[in-house]
Amino acid sequence: MRVGIVGLGLIGGSMAKSVKARTGHTVYGVDLDQETMMLARMCGAIDGALDGDTLPQCDLILVAIRPQAAVDWVREHAGQIAKSAILVDLCGVKRVVVEQIAPIAEEHGFAYIGGHPMAGKERGGFTSSSDSLYVGASMILTPDKRTDMKLLETLQAFFLDVGFAKLTFSQPEEHDRIIAFTSQLAHIVSSAYVKSPEAQRRRGFSAGSFQDMTRVARLDEDMWTELFLDDADYLVKELDILIENLTAYSKALKSGDAERVRAVLVLKDKSGAPAALLFAAIPQPLSPGAQAGFRMSTLSLPETLDLDDIQDCEAFAYSPPAPPRVL
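First things first, this report covers the structure right here in the doc. (Residues numbered from 1 in each chain as written. Predicted model: local features only at pLDDT ≥ 70, side-chain atom pairs only at ≥ 80, totals over all residues. Heavy atoms only, no water.)

**What about the overall build of the chain?**
Point 1. When helices and strands are tallied, the chain shows 11 helices and 9 strands.
Point 2. Relative to its full complement of 327 residues, the chain shows a buried share of 44%.
Point 3. Across the chain, contacts joining residues at least 24 apart in sequence account for 73% of those joining residues at least 6 apart.
Point 4. Here the chain displays about 17,100 Å² of accessible surface, and carbon together with sulfur accounts for 54% of that area. (Helix = DSSP H or I, 4+ residues; strand = E, 2+ residues; numbered from the N terminus. Buried < 20%, exposed > 50% of the residue type's maximum accessible area, 1.4 Å probe, protein only. Contact = heavy atoms within 4.5 Å. Areas by Shrake-Rupley, 256 points an atom, 1.4 Å probe, with all protein chains shown as cover.)

**Re the pairing of strand β5 (residues 86–89)**
Point 1. The alternating pattern of β5 places I86 and V88 on one face and L87 and D89 on the opposite face, and all of these are buried.
Point 2. Note that the unit made of strand β4 (residues 60–63), helix α3 (residues 67–77) and β5 has a crossover that is right-handed.
Point 3. Examined bridge by bridge, β5 and strand β6 (residues 111–118) share 4 bridges and lie parallel to one another. Paired with I86 across the strands is A111, a residue of β6.
Point 4. Assessed by its sense of winding, the connection that carries the chain from β5 through helix α4 (residues 95–108) to β6 is right-handed. (Right-handed = clockwise from strand over helix to strand, strands pointing away. Pairing = 2+ DSSP bridges.)

**A short note on the pairing of strand β7 (residues 138–142)**
Point 1. With 5 of 5 residues buried, β7 lies mostly within the body of the structure.
Point 2. Burial of the side chains of β7 extends over both faces: S138, I140 and T142 are buried on one face and M139 and L141 on the other.
Point 3. Here 5 bridges tie β6 to β7, and the two strands are oriented antiparallel to one another. Within the sheet, the bridge partner assigned to G114 lies in β7 and is T142.
Point 4. This β-α-β element, β7 to helix α5 (residues 149–161) to strand β8 (residues 166–169), shows right-handed connectivity.

**Some details on the pattern of salt bridges**
Point 1. What the rule picks out here adds up to 11 salt bridges.
Point 2. K94 is the salt-bridge partner of D89, the closest N and O atoms lying 2.8 Å from each other.
Point 3. Where E173 meets R95, a salt bridge forms, and the shortest distance between an N and an O atom there is 3.7 Å. Highlighted residues: E173 in helix α6 (residues 172–193) and R95 in helix α4, separated in sequence by 78 residues.
Point 4. Accessibility expressed as a relative area gives 42% for E173, which makes it partly exposed. (Salt bridge = Lys/Arg side-chain N within 4 Å of Asp/Glu carboxyl O.)

See below:
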């Protein structure tokens, strides 16, 4: 299979390295930075440039650049994409991307599905990319009414081959709602946390908790501004909830009332009753073939996929048996 990758930063570069390390696919890549292109060729991450000659030959095209840039690239190059090809965007938000790319794909006759690999590092760029980044990770896909089983089977084989443990199906709306909490809010919290003056005086006083809280504080301001604004409705809701909860902690501490402090520390379920640790259900990094976890049910890939069922649930995943390797 010929794979084209647009953008060779952390996500695209790791995809290229993973494909070359684990499959026999041919990889063509393109990046605006010529030094990145040179490094990708020198280390064997790509077999050649993705250009006007190689793009029409690609069976699978992975677009790993910022949301609006991804839409612009697809719009500009749609006429060069083969009708037999599959295009997957790897952007961190889905609504704004899918709603623009899906009509372009339909107009030009190639298959398209939104995607989001749930893996990353605190530093970006090709030099931070790795052929092990996706090992044990979840690959989110957002199928629609045009998605057929042959396409899903092809992507299943491909993504499991490059290291992903499972595929997770969702809708763009649901994806963006959950990602606002699991990813974007975490980056805002980390960024705000390190703005304390005490952060400059913490040497010798920090351990694991500080490292955990600050790991993603260093942001690519341009990229995250775009992601935050594209998901601002859901992100603001989560941020307001967090501020409300933090305010409760502040008021309890100012009161000097031990019982009130203890009360805000107790985790509660929706009914208000004390609950088991809520985050015990969140999965740790998974090995290939592991079962799905938090907020997801696990099932085998069905012979037919009823997309109405996806709309009726929040998210679901499957960890199918290892498929035949497709080279």
